[in-house]
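# Inside the fold
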Amino acid sequence: MHEVKMNRKKDKGFESPRPFKLTHQVVCINNINFQRKSVIGFVELTIFPTVVNLNRIKLNSKQCRIYRVRVNDLEAPFIYNDPTLEVCHHESKQRNLNYFSSAYTAAVSAVDPDAGHGELVIKVPSELWKQGDEMNVLKVYIEFSLDQPKGGLHFVVPDVEGSMAERGAHVFSFGYQNSTRFWFPCVDSYSELCTWKLEFTVDASMVAVSCGDLVETVYTHDMRKKTFHYVLPIPTAASNISLSVGPFEILVDPYMHEVTHFCLPQLLPLLKHSMSYLHEIFEFYEEILTCRYPYSCFKTVFVDEAYVQVSSYASMSIFSTNLLHSAMIIDQTPLTRQCLAQALAQQFFGCFISRMSWADEWVLKGISGYIYGLYLKKTFGVNQYRHWIKEELDKMVEYELKMGGVLLHPTFGGGKDKDNPTPHLHFSIKHPHTLSWKYYKMFQCKAHLVMRLIENRISMEFMLQVFNKLLSLASTASSQKYQSHMWSQMLVSTHSFLKSISNVSGKDIGPLIKQWVDQSAVVKFFGSFAFNRKRNVLELEIRQDYTSSGTQKYVGPIKVTVQELDGSFNHTLQIEENSLKHDIPCHSKSRRNKKKKIPLMNGEEVDMDLSAMDADSPLLWIRIDPDMSILRKVEFEQADFMWQYQLRYERDVVAQEESILALEKFPTPASRLALTDILEQDQCFYKVRQGACFCLAKIANSMMSTWTGPPAMKSLFTRMFCCKSCPNIVKTNTFISFQSYFLQKTMPVAMAQLRDIQNLCPKDVLNFILDLIKYNDNRKNKFSDNYYRAELIDALTNSLTPAISISNEVRTVDNLNGDVRLILEEITRSLNMEKLLPSYRNTITVSCLRAIRMLQKNGHIPSDPSLFKSYAEYGHFVDVRVAALEAVVDYTRVDRSSVELQWLLNMVQNDPAHYIRHKILSMLGKNPPFTKAAESPLCNEALVDQLWKLMNSGTSHDWRLRCDAVNLYYTLFGLTRPSCLPLPELGLVLNLKEKKAVLNPTIKPEQGLDTTEMTGNTMGVHIPVMGFTSSLDEGLITMETVSSVSMSSGVAPPPQGLKRKLDSVVGPLGSSSPEPGQVLQEEDTSKKFKIRFNTVEEDEIDMESPHDSQAFIHHHLNILERPSTPGKEPPAVDQAVLSLPVTPLPSSFGKESTSSSKHSGDHHHHHHHHEHKKKKKKKHKHKHKHKHESKDKERDSHAFSNSPASGRSVRSPSMSD
């Protein structure tokens, strides 16, 4: 752990990675064209140099075309280079994910603003290098435009008649984490704060909404356009700036006039209803944080085709328009309120208080998630809150056990194994932009659960004091107008947060942080017990599994609650290194003859029927860690009657949900009774009762032969919801009581899971469900019944069973089984009705599409994706599209259809809606057409190339999509070379450890890999024999590496240029086990390597001549053409800048950090050498730079002709227009 402590000591104050401090930024967008989907504008950054002679300014900018850059009114030359456009350059046949992941991490690091890098490098004109004078302020002015942006800004232009405003065309900014660089040049880091002036000129019929206060709106002379002027005086990171323009309807909040809501035309009534509640959320947060909302205004904007449901920016949030609802809708209401509450929590922690670095993200996500939880508890009640905590905990534990752990506070560069703290993942967690989306979701989930653990440790009162302290420090700092050095108080770091906790509470939470924040994994408990009657002692045994993936060993206190006849007792046990058995004294001898009431946990006293319990023991039930104060999974064994008592009498919803789950294993009449009693109890939490429905159905199916009476739940439903006089007709709907509404919705769905001896859905159940649909009457109801009707369709779907196929008969609708025919007719009728009278969010269409897919899967109707494909087209409501796409994805897997897979992948590349693209890839990941384990006709070279292209260069505009593509690639092909690719050509394998070469005709793609990966020192290097070299670069490698191990295999001697490199290759690899010193050397050289950009620029690029003359480029190319190795052709364009991964080597396996360890497993691909060679070159870099550089250029020159980045490498983009 000491490496981490060192890290903590270091980050006392905030040290900027940049040689300047940004104090103010102007963004002016003076033209937004909806027809062309283009934006034109300029930015002006006010910069204070913090070093003497600031000569380079690095900024972030993606997609933007940059026309000119001026520094203090002097033209300034610049280089624009974005290595993430295409991650792996040379058209290599490298197709393994390990290689891609490290190259992608390197590309992201190369332009990472948190490390002071950027895509745009501006040379400060030498006239401005005033010696010694530190306070000279620089104004950097950049003109830019965006044309059909693929990320950052999203244009929604409906294809209908009328002007743009009448069509409801709008545009809004979006992105995952820091993505502002996609729509204007800036320092895109959460730690670089400045004040803002934002101006947007739009058509007179449009409204521009942005961060800060709207100071004025000015019309142009012809009254056709108007300019919105916003000012944000609170220092804010560029990543928290947003924009949204559209013909919005505007609503000023009636309760809080500083809050304004914006929605698309005709949705104002929905907006009024959905927002009527917002002021209560404000009041709640201001009260618990004892702190005013930090900004002077708040704006909510509801847009179509949103990237995520909620995205928060300084003083405004952008929501999906699908969150809006009318007063008739029940199910959406809590969801919308939860989204509003999340957005507001992030205004305090995330927008107002920002973070120092990515490693501190967990603090912000944790605090905002934690205070959102407090809001849930107050508004929806303790039951809902505890249910939510249990749900989040289960979800996260399941993910960690499956994927192997979520690390909240990744620290890098602390020692050997710290460089890759998560070797079990197929992506790097060094940057938010390399994470899989699911991991990021689980990361947020774990963060707020850990905050709750800290609250358990120090009390809620102290917790809220800590938050208040952070907020008040930040607001003091934010009001210091001209003292920008104070602004770092608005950044939170793990260190400052923990320090604040120990100052306020005086408690040491070190062990807790060490266990849950500095390391990943969860705890897995198994519990069982025996009652020792002689000693009147409960002997409890708690075992742990800490060997399987995603688990860790827990040592510390654990709470156990024992309910006895005398009452409920809490015991705190200490879990030691190897203690398993714990003795807990019991209070009451079994004295059941005296009819006494039994006191419960909450002080209630109840009469119980004790006949079921064990005559010798006073124990009613036992619970391990009832407060969920450990991130754990508990499997506890107790008798069925104990679970039944726990379900009936324990007043905690979590305990009831646990017992419902356990009772599935005990299908007895007693379990049936307990579940039925719960269903009838009105005081019981509705989600517990919903769970009981499904458990009852499972039990009924297990008790099929002994079940007596009508089908489970039928009589209960009839009693609760049907007419007294005619029990098969349901009453007219009144959903006044939400509890019974949710029960009425759930029961039929659960009943449809019942099966009879023939494994079919019982006839009377099916008729019962069909009658519910037939007699459904919503005329007198003030609420909509769309969700209820959708669930009745789901019930029909659940009742389907596989068709009994009569040999070789053709499936047609005519010879359908009678019951199925009724179902199909009902579904068809509902679908057609939806076209005439669509339901809210098209819930019924969604259910019908699922039903039709189930009919196909069960063989009742021919399998055919065309209906789903038509519903999946752009233009349908998003939920309908997702449901239809899910069916197509499923069809692709079942029918192994390459046509459908191709259709889906085309949609991923071309669909206008970002969310849909993301959903397709994640659904393909969840329900893959094939996996790396199985052979499949779909797995072919064309598919590998297509997916590789998609993740390599096709998704550079959307981080989330690129990570989805990586996930899918991993699911289909694993980390190594996909098995369907042809083997690399016959080649030599060198074992550098034993210094001998082996001729290896068949290099097996999968086998033997794990061992080499894990040891890291068996460095298998594959060298193409000269006869096979297909391109220049392979030739180079062969000569270089072969001669480096001084083999005499008849290979031509290397050209002189290579000689110098040989020692560097042999260096650490030749020695069989490098000393620690060499490892450090790796680290140091990598630091030299980091400033690679500058060395290129200063030595080889004459940036003095003004950049927008053609001469600049010619001059540039001439320099690069100095031949450096005799007899090689000159390169076409300098690709060196782009092609190098610019990070220290991620030594992924921690055994030895020689540069081989990452790639040792890949000895069956020649191209991984490029990587070695580049990395090795670091050592000799400074001696003969030009030589190496040109080597690189040559190597890539032929691979580059068609890469998307090639036009933009070194020239100013103004030339590439």
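Looking at an unreviewed UniProt entry, the protein carries the name Transcription initiation factor TFIID subunit 2, with the source organism given as Oncorhynchus mykiss. The Subcellular location (unreviewed entry) comment attached to the protein in UniProt states, word for word, "Nucleus". The UniProt entry for the protein carries the following comment under Sequence similarities (unreviewed entry): "Belongs to the TAF2 family."

Interaxial distance between helix α2 (residues 97-110) and helix α26 (residues 941-954) falls to 12 Å at its minimum, and their mutual angle equals 10 degrees. Taken together, the axes of α2 and α26 are roughly parallel relative to one another. On α26, the residues touching L97, Y99 and F100 of α2 are W948, M951 and N952. Residues belonging to the contact of α2 with α26 are distributed by class as follows: five nonpolar, one polar and no charged.

Below, the discussion takes up the sheet that holds strand β23 (residues 523-532). Taken in spatial order, the four strands make up an open sheet running β27-β24-β23-β31, and their pairing is mixed. Sheet topology places β27 (581-585) and β31 (632-636) at the edges, where each strand pairs with a single neighbour. Averaged over neighbouring strand pairs, the angle between their axes works out to 25 degrees when direction is ignored. Bridge count for strand β24 (residues 537-544) against β27 is five bridges, and the pairing is antiparallel. The partner of V537 across the bridge, within β27, is P585.

With that settled, consider a nonpolar patch on the surface. Where nonpolar side chains cluster on the molecular surface, the patch consists of M833, L836 and L837 and spans about 330 Å² of accessible area. Among the structural elements, L836 can be located in helix α20 (residues 818-836).

Our focus in this paragraph is the nonpolar core. If you look at the biggest cluster of nonpolar residues, it comprises 329 residues, and the most contacted ones within it are I122, Y285, F349, W362, I454, F467 and F497. Considering every element that reaches this core, the biggest residue donor is helix α7 (residues 361-403), with 19 residues. Excluding residues within four positions of it along the chain, F349 makes contact with L289, L364, I367, S368, I371, F467, L470 and L471.

This part is about the environment of Y871. By secondary structure assignment, the location of Y871 is in helix α22 (residues 866-871). Residue class for Y871 comes out buried when judged on its relative accessible area of 7%. Linking Y871 and A884, residues 13 residues apart in sequence, is a C-alpha distance of 5.9 Å. For Y871, the contacting residues outside a window of four places in its chain are L831, K835, T845, L849, H876, V880, R881 and A884.

Cut-off values and rules
- Residues numbered from 1 in each chain as written.
- Predicted model: local features only at pLDDT ≥ 70, side-chain atom pairs only at ≥ 80, totals over all residues.
- Heavy atoms only, no water.
- UniProt positions renumbered as here; feature names shortened; annotations may be inferred.
- Axes fitted to C-alpha atoms, helices over the stretch in contact; angles between N-to-C directions.
- Helix = DSSP H or I, 4+ residues; strand = E, 2+ residues; numbered from the N terminus.
- Parallel < 35°, antiparallel > 145°, perpendicular 65-115°, else oblique.
- Contact = heavy atoms within 4.5 Å.
- Nonpolar A, V, L, I, M, F, W, Y, C, P; charged D, E, K, R; others polar.
- Pairing = 2+ DSSP bridges.
- Patch = residues over 30% accessible without salt bridge, like charges linked within 9 Å, V, L, I, M, F, W, Y side chains within 5 Å.
- Areas by Shrake-Rupley, 256 points an atom, 1.4 Å probe, with all protein chains shown as cover.
- Salt bridge = Lys/Arg side-chain N within 4 Å of Asp/Glu carboxyl O.
- Core = buried A, V, L, I, M, F, W, Y, C linked by side-chain atoms within 4.5 Å.
- Buried < 20%, exposed > 50% of the residue type's maximum accessible area, 1.4 Å probe, protein only.

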